[in-house]
Amino acid sequence: MAQLFFTQQLARFTAVPELSTDAGCLREGLDSAFALNPRLRGYVLDDQGALRPNVVIFIDGRRCLDTRRLDDPLRPDSKVYVLQALSGG
């Protein structure tokens, strides 16, 4: 099963599950996480369901290609990392 990991930056605002999923694409995998914590959706996706500009997702070491459809395929052994950019000065 593919594994999803969320960084600690997101955990400052809401509970972030670390989960395994049999999803075939990224959006399905994210929906699995959002089912466990619906508040997480607003930190990761915008109102149109696209990836927020300050969030980046890596699947097996490669950046997510389609930030709107989120249809990048997941393999059964995929590792998915959801990162929120930090800012400051």
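Each chain has its residues counted from 1, running along the sequence as written. Local features are withheld for residues below a pLDDT of 70 in this predicted model, meaning they are given only at 70 or higher, and side-chain atom pairs are given and counted only at 80 or more; totals for whole chains, interfaces and linings count all residues. By convention in this description, side-chain values take in all heavy atoms of the structure and omit both hydrogens and water.

**Points about the pattern of salt bridges**
Pairs can form between side chains of opposite charge whenever their charged atoms are close.
Consideration 1: The term salt bridge refers to a pairing of a side-chain nitrogen on Lys or Arg with a carboxyl oxygen on Asp or Glu at a separation within 4 Å. Under the counting rule described, the total for this entry stands at 5 salt bridges.
Consideration 2: Its salt-bridge partner being R41, residue D31 comes within 3.5 Å of it at the nearest N-O pair. Of the two residues, D31 sits in helix α2 (residues 26–36) while R41 sits in helix α3 (residues 39–44), which places them 10 residues apart along the sequence.
Consideration 3: Taking the shortest distance from any N to any O, the salt bridge between D60 and R75 comes out at 3.5 Å. Placement of the pair is D60 in the loop between β3 (55–59) and β4 (62–63) and R75 in the loop between β4 and β5 (79–84), with a sequence separation of 15 residues.
Consideration 4: Under the relative-accessibility criterion, R75 is labelled partly exposed at 46%.
Consideration 5: Through salt bridges with shared partners, a single network forms among D60, R75 and D77. Runs of H or I in DSSP of at least four residues are treated as helices and runs of E of at least two as strands, each being numbered from the N terminus. Partly exposed describes any residue whose relative accessible area lies between the buried limit of under 20% and the exposed limit of over 50%, with all areas from a 1.4 Å probe on protein chains only and scaled to the type maximum.

**Examining the pairing of β3**
Consideration 1: Burial of β3 is extensive: 4 of the 5 residues sit out of reach of the surface.
Consideration 2: Here, a strand pair is defined by DSSP locating no fewer than two bridges between the strands. Here β3 pairs with β5 via 5 bridges, running antiparallel. Its bridge partner lying in β5, I59 is registered against V80.
Consideration 3: Here β3 hands over to β4 after 2 residues, with D60 in that stretch at a positive phi of 55°.

**Here's the deal with the packing of aromatic side chains**
Consideration 1: Between the rings of Phe, Tyr and Trp (Trp by its six-membered ring), a pair exists once the centres lie within 6.5 Å; its type follows the angle of the planes, with under 30 degrees stacked, over 60 edge-to-face, and the other angles tilted. The full count for this structure, using the stated rule, is 1 aromatic pair.
Consideration 2: Centroid distance F5 to Y81: 4.9 Å. Interplanar angle 15°. Geometry classified as stacked. Remark: Y81 occurs in strand β5 and F5 occurs in strand β1 (residues 2–6); sequence separation between them is 76 residues.
Consideration 3: Residue classification places F5 among the buried residues on the basis of a relative accessible area of 16%.
Consideration 4: Accessibility expressed as a relative area gives 40% for Y81, which makes it partly exposed.

**Description of the sheet that holds β5**
Consideration 1: Taken together, the 5 strands give an open sheet; going across it, the order is β2-β1-β5-β3-β4, and neighbouring strands pair in mixed fashion. Of all the strands in the sheet, just β2 (19–21) and β4 have a single pairing partner and so form its edges.
Consideration 2: Across 3 bridges, the pairing between β1 and β2 is antiparallel. Within the sheet, the bridge partner assigned to A2 lies in β2 and is T21.
Consideration 3: Sheet strands in contact with α2 are β1, β2, β3 and β5, and its direction is about 135° off that of β2. Only heavy atoms matter for contacts: two residues are in contact if any of them lie within 4.5 Å across the pair. Axis definition: a line fit to C-alpha positions, over the contact stretch in the case of helices; interaxial angles, taken between N-to-C directions, run 0 to 180 degrees.

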